[in-house]
Amino acid sequence: MEFTNVIKNRYSCKKYDSTNQVSKEKLNAILEAGRVAPTAKNLQEQHIYVVQSEEGLAKIDACTPCRYGAPTVLVVAFDKNNVFTYPDNKRQSGIEDAAIVATHLMLGAANEGVDSCWLNFVQIDELHTALGLPENEEILMLLDLGYAAEGSKPLANHFSRKPLSETVTYL
């Protein structure tokens, strides 16, 4: 798909056809989009968990009401012991690098014709424990993946955007 169409037309899907699983080929293309995302000093501290089993999805459902029936959920985490600390010692790269990876995953999904929804409305600590993730990893977000159910559409305000004059300043 042409990039401008990908970024303009993707939306946060809130209703999935739970019977229509993402193919392995498309899932691999999405995961590859995340793998090639830039990270500080190329540390690649991200770890992506693919959840498709009934047991795993039930654990996610116990920690968020926002799976919306998606048959696949990506849990985007990062190794908090393998991050770059910036020179001012006020910030580290883990959260921003994982966010870049998650954005690549989301846009990669749109490029493959797969719908998605970025989720942060999650009980992160409970999910971390339920999934048995390593202590050194921190969950950033979840990404629902699947195909929109019939009648699913973007929110009414989806295509409403402020003009650049309100969001950009040239100095």
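Use the structure listed above.
Residues numbered from 1 in each chain as written. Predicted model: local features only at pLDDT ≥ 70, side-chain atom pairs only at ≥ 80, totals over all residues. Heavy atoms only, no water.

Side note on the overall build of the protein chain
Of the regular secondary structure elements, the protein chain holds six helices and four strands. In the protein chain, the succession of α and β elements from N to C terminus is α-α-β-α-β-α-β-α-β-α. Considering only C-alpha atoms, the protein chain reaches an extent of 50 × 45 × 30 Å along its principal axes. A burial count over the protein chain gives 40% of its 171 residues as buried. (Helix = DSSP H or I, 4+ residues; strand = E, 2+ residues; numbered from the N terminus. Buried < 20%, exposed > 50% of the residue type's maximum accessible area, 1.4 Å probe, protein only.)

Considering the packing of aromatic side chains
One pass over the structure, following the stated rule, counts one aromatic pair. Ring plane angle 90° and centroid distance 5.2 Å describe the contact between F84 and Y86, whose orientation is recorded as edge-to-face. Judged by its relative accessible area of 24%, F84 falls in the partly exposed class. Above the face of the Y86 ring, R91 is positioned so that its terminal group lies 4.8 Å from the ring centre. (Phe/Tyr/Trp six-rings, centres within 6.5 Å; stacked < 30°, edge-to-face > 60°. Lys NZ or Arg CZ within 6 Å of the ring centre and 35° of its normal.)

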